[in-house]
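For reference, the chains in residue letters:
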There are 2 protein chains.
Amino acid sequence: MNIARRANSQDVAALAGVSQATVSRAFTPGASISDRARKKIEAAAAKLGYQPNIIARSLSKRRSRLVGLLFANWTHPKAADLLKNITEALTEHDYKVIVQSATGSRLTDEVLREFLRYQVDGVIVFSAAPTAEISAEYARAQVPIVLLNQNGQSLNTSSVSVDATGIGNQIASSLLARSYKRLALISANPKSQIVIDMTKAIVSTVAEHPHMRIISQQTGIDGYEAGMREIENIWKQPETRPDAIVCTSDNTALGILAGCRQNLGIKVPEELAIVGLGDIPASAWQDQSLSTIKIPHDEMVSKAVMTLITGIEDPSVQPESYRYQAEFIQRGTTRIISNPKTGETQ
Amino acid sequence: MNIARRANSQDVAALAGVSQATVSRAFTPGASISDRARKKIEAAAAKLGYQPNIIARSLSKRRSRLVGLLFANWTHPKAADLLKNITEALTEHDYKVIVQSATGSRLTDEVLREFLRYQVDGVIVFSAAPTAEISAEYARAQVPIVLLNQNGQSLNTSSVSVDATGIGNQIASSLLARSYKRLALISANPKSQIVIDMTKAIVSTVAEHPHMRIISQQTGIDGYEAGMREIENIWKQPETRPDAIVCTSDNTALGILAGCRQNLGIKVPEELAIVGLGDIPASAWQDQSLSTIKIPHDEMVSKAVMTLITGIEDPSVQPESYRYQAEFIQRGTTRIISNPKTGETQ
DNA sequence: TCGATTTTTGCATACGCTTGCAAAAATTGT
DNA sequence: ACAATTTTTGCAAGCGTATGCAAAAATCGA
């Protein structure tokens with residue numbers, strides 16, 4: 001009825017003098033259609049400004065080519081990069097992504113249920129996990145989920161995560177090798193599985209070495225300025241001063257470092273070691289030079305996307321959990337040690 | 001035919017003993033339906049795990065409640081925040097957002113055309129502009145576009161941008177008031193309209209003051225490390241050393257500052273002023289303290305979203321361009337001046 | 001050239017929902 | 001209790017595309 005309504009395949013068919021079905025085939029790669037018909041149709045379509053209606057196509061095909069992306073951690077230092085890489089990788093495979101935030105009151109489950117209503121072909125969940133109930137709904141609907149930055153084995157869901165235990169072990173053994181003895185652990189979110197696993201690994205490694213111990217554990221410290229304040233608090237109590245601080249975020253670690261250098265005159269790394277997590281660009285800057293843990297985010301994103309697409313295209317493949325190894329990056333905030341055998345320094 | 005196919009409204013209707021239309025009404029807020037029927041239907045829906053199919057609803061209603069978000073600048077320091085705020089604001093109004101990247105080879109127009117195929121109700125374009133051709137297609141389809149961070153007046157498109165000329169004027173007059181005389185301009189992307197307008201404003205202000213001049217203009221310098229390298233190049237030529245550097249990015253400015261302090265021993269702000277753009281968090285950190293320009297991103301995002309929604313809900317409203325004022329933030333990289341009248345310092 | 005084969009086309013139905021319209025049921029007033 | 005009114009329901013026709021099937025057209029072989 002709309003006077004200015006959009007042209008549809010019928011309109012194009014009428015103008016080109018063919019049937020609607022033929023128009024449809026003209027816009028379906030690989031469909032059976034003669035060159036002559038295609039030419040006519042393309043001309044007509046151009047004249048009418050016709051674009052196939054993907055909503056209608058989705059309904060008919062029962063595939064929306066839409067992927068839901070549930071983003072639960074916007075303060076992640078690589079948030080923008082992750083998003084970019086995820087959307088670009090999915091675009092590459094001709095999927096579109098619907099992004100939804102699930103912080104605060106908008107619960108993960110609520111968002112996931114909405115995705116289902118939009119008939120998404122699959123979902124990537126970044127830094128959160130669905131409840132078992134929603135997982136079951138997705139399983140019933142045969143819509144694959146891939147968890148990124150979270151382990152999904154217990155949910156029978158695919159996941160791509162980093163080996164947090166490995167991170168803890170690497171940090172602990174690096175500090176051990178560098179003869180640090182009194183560790184302080186600082187983290188932002190105590191509920192994060194990565195933080196829990198990593199802390200557990202550090203604790204258990206330390207337990208094996210009687211001359212090393214954990215002086216303090218503090219949670220809820222997040223960001224540069226919080227780190228800067230926290231180091232002042234820590235240093236105020238001389239009897240519990242650590243000689244190594246492990247942070248679950250580079251930003252916080254950089255704040256601590258700045259506090260040491262500018263306000264407290266603490267010698268890093270001689271007097272105090274600082275280790276971050278994430279290897280953000282600023283950590284590598286000459287004046288900062290923070291020893292940290294590098295997480296292979298790019299590979300993890302590719303893996304997550306590929307896993308999702310595989311799951312979409314072949315519903316019979318079973319969920320799988322991939323775990324990536326992180327890497328300790330020795331920079332200026334931990335002592336250099338030399339290997340007595342080879343003479344190499346690291 | 002699919003054995004495990006999803007339940008639809010027919011299935012629910014059959015189970016609840018009502019017609020399909022009634023099921024539809026049960027899931028349509030405000031529709032005419034008795035409590036009794038609603039109860040029965042809800043029970044049946046729960047049993048079958050039924051969720052309304054929004055794709056089908058969209059087809060029928062000719063409204064997708066989908067908004068396209070074309071993101072052309074992922075390196076913007078606030079990229080993640082902007083995305084979060086945009087998606088959350090739109091979610092608030094019950095729209096979902098499809099994000100697409102338009103960097104590199106994926107051209108703006110191509111992405112916009114795809115959005116149209118997905119029957120989006122509206123589009124937000126961040127840091128890019130469509131061609132006139134696509135603008136016309138959108139106008140014909142009555143789908144509103146809002147440009148964010150770009151002026152759209154010439155395209156007859158709504159836009160929300162910052163007053164770049166005002167920024168240039170503020171920078172120039174601030175430097176003038178602080179008695180700096182020899183300016184160097186450093187920018188990343190010479191094609192960015194903001195950079196062009198801001199530069200033009202600086203140039204014209206400087207032209208009015210014979211004792212001030214522009215020593216050099218350099219483009220293609222982007223990021224902390226690039227800034228650090230650039231200041232070394234600049235300082236190598238003593239005869240063209242500036243006494244004030246204006247950067248179109250805080251990150252670059254911070255790199256320059258670090259270069260001055262750590263490598264070159266340049267006294268900031270006595271010997272050299274540095275002004276950034278964007279007021280990223282790091283600029284406010286105690287050890288950096290960069291004088292910069294603060295852009296009201298949050299307000300701009302709200303405005304963009306509200307403008308879009310207004311345009312969607314009432315197609316008769318005309319495109320409008322909003323321009324926001326930025327604010328010069330005096331910190332440690334420009335001299336303090338005191339107002340001779342009031343004695344205030346700024 | 002004619003029958004056999006292949007390619008292209010159109011017909012008709014399905015996808016799952018909304019909604020105008022009219023019929024049915026429930027509610028109200030007297 | 002009955003007519004008048006209001007609310008609820010069902011019917012049926014879309015929304016724009018895909019696709020199985022059979023008919024039509026084009027191509028091929030001899």
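Values in this document were obtained by computation on a predicted structure and should not be read as measured data.

Help me understand the relation of the copies chain B and chain A in this model?
Relating one copy of the chain to the other takes a rotation about an axis and a shift parallel to that axis. Structural alignment of chain B on chain A gives an RMSD of 0.1 Å, achieved by rotating through 180° and translating 0.0 Å along the axis. Here the copies are linked by what is in effect a two-fold axis. Both copies contact each other with a shared surface, as 100% of the interface residues of chain B are interface residues in chain A too.

Looking at this structure, how should I read helix 7 (residues 132-141) of chain A?
Quick reminder: α-helices carry 3.6 residues per turn. Residues three or four places apart thus point the same way. All names here are of chain A. All of the buried residues in helix 7 are Ile134, Ser135, Tyr138 and Ala141. Taken down its axis, helix 7 places every buried residue within 130° of arc, on the same side. In this structure, helix 7 carries Ala132, Glu133 and Ala139 as exposed residues pointing more than 90 degrees from its buried face. Structurally, helix 7 contributes buried residues whose contacts are with helix 6 (108-117), strand 3 (122-126) and strand 4 (145-148).

How do you make sense of helix 9 (residues 193-207) of chain B when you look at a structure like this?
A rise of 1.5 Å per residue sets the reference length of helix 9 of chain B, with its 15 residues, at 21 Å; its end C-alpha atoms lie 21 Å apart and thus fit the reference within 8%. Listed as buried for helix 9 of chain B are Ile194, Val195, Asp197, Met198, Thr199, Ala201, Ile202, Thr205 and Val206 of chain B.

When you look at the state of the cysteines in this model, what are you seeing that I'm missing?
What makes a disulfide is a covalent bond joining the sulfur atoms belonging to two cysteines. Per the stated rule, a full pass over the model turns up zero disulfides over all chains. No disulfide involves Cys260 of chain A; its sulfur sits 10 Å from the nearest other cysteine sulfur, which is in Cys247 of chain A.

Please explain the nonpolar core as it appears in this structure.
Across soluble globular proteins, nonpolar side chains show a tendency to be buried alongside one another. Grouped together as the largest cluster of nonpolar side chains are 97 residues, with contacts concentrated most on Leu175 of chain A together with Leu175 of chain B. Other than its neighbours up to four places away in sequence, Leu175 of chain B contacts Tyr180, Leu183, Met212, Ala244, Val246, Ala273, Val275 and Thr334 of chain B. Counting residues in hydrophobic clusters, the runner-up holds 50 residues, among them Leu272 of chain A together with Ala184, Met228 and Ile274 of chain B.

Teacher, can you tell me more about the interface of chain B and chain A here?
By a widely used convention, the size of an interface equals the accessible area lost when the partners come together. Taken together, the contacts link 53 residues of chain B with 55 residues of chain A. Summing both sides of the interface, chain B and chain A together bury roughly 5300 Å²; the carbon and sulfur share of this comes to 58%. Taken together, the links from chain B to chain A amount to two salt bridges. Between Glu114 of chain B and Lys96 of chain A there is a salt bridge; the shortest N-O distance is 2.7 Å. For the pair chain B and chain A, the number of links is 14 residue pairs in polar contact (both at pLDDT 80 or more). Those elements giving two or more residues to the side of chain B that touches chain A turn out to be helix 3 (35-48), helix 4 (54-61), helix 5 (79-92), strand 2 (96-101), helix 6 (108-117), helix 7 (132-141), helix 10 (224-236) and helix 11 (250-264) of chain B. Ranked by residue count, the leading element in the side of chain B that touches chain A is helix 5 of chain B, at seven residues. A class-by-class count of the residues in the side of chain B that touches chain A yields 23 nonpolar, 17 polar and 13 charged.

About the criteria used
Residues numbered from 1 in each chain as written. Chains lettered and ligands numbered in written order. Predicted model: local features only at pLDDT ≥ 70, side-chain atom pairs only at ≥ 80, totals over all residues. Heavy atoms only, no water. Least-squares fit on C-alpha atoms with pLDDT ≥ 70 in both. Contact = heavy atoms within 4.5 Å. Buried < 20%, exposed > 50% of the residue type's maximum accessible area, 1.4 Å probe, protein only. Helix = DSSP H or I, 4+ residues; strand = E, 2+ residues; numbered from the N terminus. Arc of directions from axis to C-beta. Expected span 1.5 Å × (residues − 1). Disulfide = S-S within 2.5 Å. Core = buried A, V, L, I, M, F, W, Y, C linked by side-chain atoms within 4.5 Å. Buried area = accessible area lost by both parts, 1.4 Å probe. Salt bridge = Lys/Arg side-chain N within 4 Å of Asp/Glu carboxyl O. Polar contact = N/O pair within 3.5 Å; in protein donor to acceptor, adjacent residues only side chain to side chain. Nonpolar A, V, L, I, M, F, W, Y, C, P; charged D, E, K, R; others polar.

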